[in-house]
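# What the coordinates show
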Amino acid sequence: MVALDLDRQTLFDWLLRLGDNALILGHRTSEWCGHGPALEEDIALANTALDLIGHCQMWYTLAAEVEGKGRTADNLAYLRDAIQFKNVKLVELPNGDIGQTMMREFLFNAFHFELLTALTGSTDPKVSEIAAKAVKEVAYQLDRASDLVVRLGDGTEESHRRMQAALDYLWPYVGEMFLADATDDALAEAGIAPRLTDIQTKWEAIVSDTLDEATLTRPDRRPDVHTGGKQGRHTEHLGYILAEMQFLQRAYPGAEW
Amino acid sequence: MSKKEWPLWEVFIRGQHGLNHRHVGSLHAPDAEMAINHARDVYTRRKEGVSIWVVPSAQITASSPSEKGALFDPAESKVYRHPTFYDIPDEVGHM
């Protein structure tokens, strides 16, 4: 059962963060469909996108239930505006080249994997059930992404240069994942979610091992420059994602297959 | 500069209820580890498998179609090689 001192709105907001991260990264990843560098990579990226969109469906369904205002998972995905989205800015950034895409997948997956692993032990059984289902897919995504980061980082001169550039570009966005606000603190108090500082320690270990193996240099600058996504302050990129993703439901409200 | 193609691999999957790995198709990958990952993504999306083998296509030696006659025709008229001429005692039951 959800702890009594945790109000619905706080739990709802936190569930939206999980769902929004999955939906927005899923949508970004799906943009590769038909454009992958090789047929096999194209299919792998499409699988990843579908996994993530599956996760967002589970989180939104639970969020809608917690909110108790009769909204559905589809309402949450298609009928909210950018300021109501609570994903971290990292996941809404454009894909760039395949190196930048895989570097982002890796940096986010390492966080996502550790977070979901911790959530399998959540005091809220509905949260732990969703986490247990999602973590298996994310474990594979992390394996695949770290493998490619190592191969490309420790690959040719050009692939190394591109991976280092991707890491340097994404680095100022990674800190937001670990920046706890009142919502994160309340969830940790209630035992529903882990402390983000614990997740950060585990993330650091994965990232430093992988970057070493990939012969990439950890950027010597602050990782928490671009923040605020979790509170609804986004880059200009999110609006374009939503315009494309929500167009049909906005133009033809209630349209179904 | 010509684009370097990844080598071809043959993929074998052991299904949920099968004992043997069966050939399901082929794919491109730079090495065995990535071939396994690709096979997982390309051929087991609908829960087809519990185990994957990958083999470099170049490592497979195939019989030549032009030798078909010499290889296979001689077996044609040798019905006695099939175990169909034995009476199975009733006690043995269904085999």
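Note that the structure is a prediction, hence the values are computed from the model and not measured.

Another aspect to go through is the interface of chain A and chain B. Taken together, the contact between chain A and chain B spans 13 residues of the former and 14 residues of the latter. Summed over both sides, the interface of chain A with chain B buries roughly 1,200 Å², with 48% coming from carbon and sulfur. In terms of surface lost to chain B, no three residues of chain A exceed Glu40, Tyr140 and Arg151 of chain A, which account for 49% of the buried area on that side. Taken together, the connections running from chain A to chain B amount to 2 salt bridges.

This part covers the environment of Lys78 of chain B. Along the chain, Lys78 of chain B turns up in the segment after α2 (68-72). Side-chain polar atoms of Lys78 of chain B contact the backbone oxygen of Pro74 of chain B, separated by 2.6 Å.

Turning our eyes to something else, we now look at unusual backbone geometry. Here the phi dihedral of Thr215 of chain A falls at roughly 55 degrees; this positive angle occurs in a residue that is not glycine. Tracing the backbone through its elements, the reader meets Thr215 of chain A in the loop between α8 (196-213) and α9 (237-251). Overall, the relative accessible area of 39% leaves Thr215 of chain A in the partly exposed class. In this model, Lys47 of chain B sits at a positive phi of 60 degrees, which is unusual for a non-glycine residue. According to the relative accessible area criterion, Lys47 of chain B is exposed, its value standing at 65%.

Here we take up the pairing of strand β2 (residues 21-28) of chain B. All names here are of chain B. Bridge analysis of strand β1 (residues 8-15) against β2 gives 7 bridges, and the strand direction is antiparallel. From the neighbouring strand, Trp9 faces β2, where its bridge partner is Leu27. Taken together, β1 and the strand that follows it, β2, pair antiparallel across an intervening segment of 5 residues.

Here we take up the layout of surface pockets. Residues and elements named next belong to chain A. Quantified by volume, the second largest pocket comes out at close to 780 Å³. Around the second largest pocket, the lining comprises 22 residues; the ones closest to its centre are Asp74, Tyr78, Met245, Gln249 and Trp257. Those elements that provide at least two residues to the lining of the second largest pocket are α1 (8-30), α2 (39-67), α3 (73-78) and α9. Sorting elements by how many residues they give to the lining of the second largest pocket places α3 first, with 5 residues.

Bringing the pattern of salt bridges into the picture now. All names here are of chain A. Inspection of the entire model under this criterion finds 19 salt bridges over all chains. In this structure, Asp97 engages Arg162 in a salt bridge whose closest nitrogen and oxygen atoms are separated by 2.9 Å. Here Arg162 lies in helix α6 (residues 157-174) and Asp97 lies in the loop between α3 and α4 (98-119), a separation of 65 residues in the sequence. Connected through shared salt-bridge partners, Arg17, Asp181, Asp184 and Lys230 make up one network.

A cluster of nonpolar side chains, contributed by Phe247, Leu248 and Tyr252 of chain A, occupies part of the molecular surface with about 340 Å² of accessible area. Along the chain, Tyr252 of chain A falls in the segment after α9.

Relative to the helices and strands, Val225 of chain A is located in the loop between α8 and α9. Considered as a pair, Val225 of chain A and Trp171 of chain A are 54 residues apart in the sequence and their alpha carbons are 8.8 Å apart.

As a further point, take the sheet that holds β2 of chain B. Residue and element names in this part refer to chain B. The 3 strands are arranged β2-β1-β3 in an open sheet whose pairing can be described as antiparallel. The two strands at the open ends of the sheet, each matched to only one other strand, are β2 and β3 (49-56). Mean inter-strand twist for the sheet, computed between neighbouring axes without regard to direction, equals 30 degrees. Taken together, the 7 bridges between β1 and β3 define a ladder with antiparallel strand orientation. Looking across to β3, one finds that Arg14 is bridged to Ser51. Sitting on the sheet, helix α1 (residues 32-43) is in contact with β1, β2 and β3, with an inclination near 105 degrees to β2.

So, about the side chain of Thr10 of chain A. Residue and element names in this part refer to chain A. One can find Thr10 in helix α1. For Thr10, a relative accessible area of 14% gives the class buried. Ignoring any residue separated from it by four or fewer positions in sequence, one finds Thr10 in contact with Thr183, Ala186 and Leu187.

Rules used throughout
- Residues numbered from 1 in each chain as written.
- Chains lettered and ligands numbered in written order.
- Predicted model: local features only at pLDDT ≥ 70, side-chain atom pairs only at ≥ 80, totals over all residues.
- Heavy atoms only, no water.
- Contact = heavy atoms within 4.5 Å.
- Buried area = accessible area lost by both parts, 1.4 Å probe.
- Salt bridge = Lys/Arg side-chain N within 4 Å of Asp/Glu carboxyl O.
- Helix = DSSP H or I, 4+ residues; strand = E, 2+ residues; numbered from the N terminus.
- Polar contact = N/O pair within 3.5 Å; in protein donor to acceptor, adjacent residues only side chain to side chain.
- Buried < 20%, exposed > 50% of the residue type's maximum accessible area, 1.4 Å probe, protein only.
- Pairing = 2+ DSSP bridges.
- 1 Å grid on protein atoms, 1.4 Å probe; cavity = no way out; pocket = protein on both sides within 12 Å on 5 of 7 lines; lining within 4 Å.
- Points joined across faces, edges and corners; volume = space filled by probe spheres on them.
- Patch = residues over 30% accessible without salt bridge, like charges linked within 9 Å, V, L, I, M, F, W, Y side chains within 5 Å.
- Areas by Shrake-Rupley, 256 points an atom, 1.4 Å probe, with all protein chains shown as cover.
- Axes fitted to C-alpha atoms, helices over the stretch in contact; angles between N-to-C directions.

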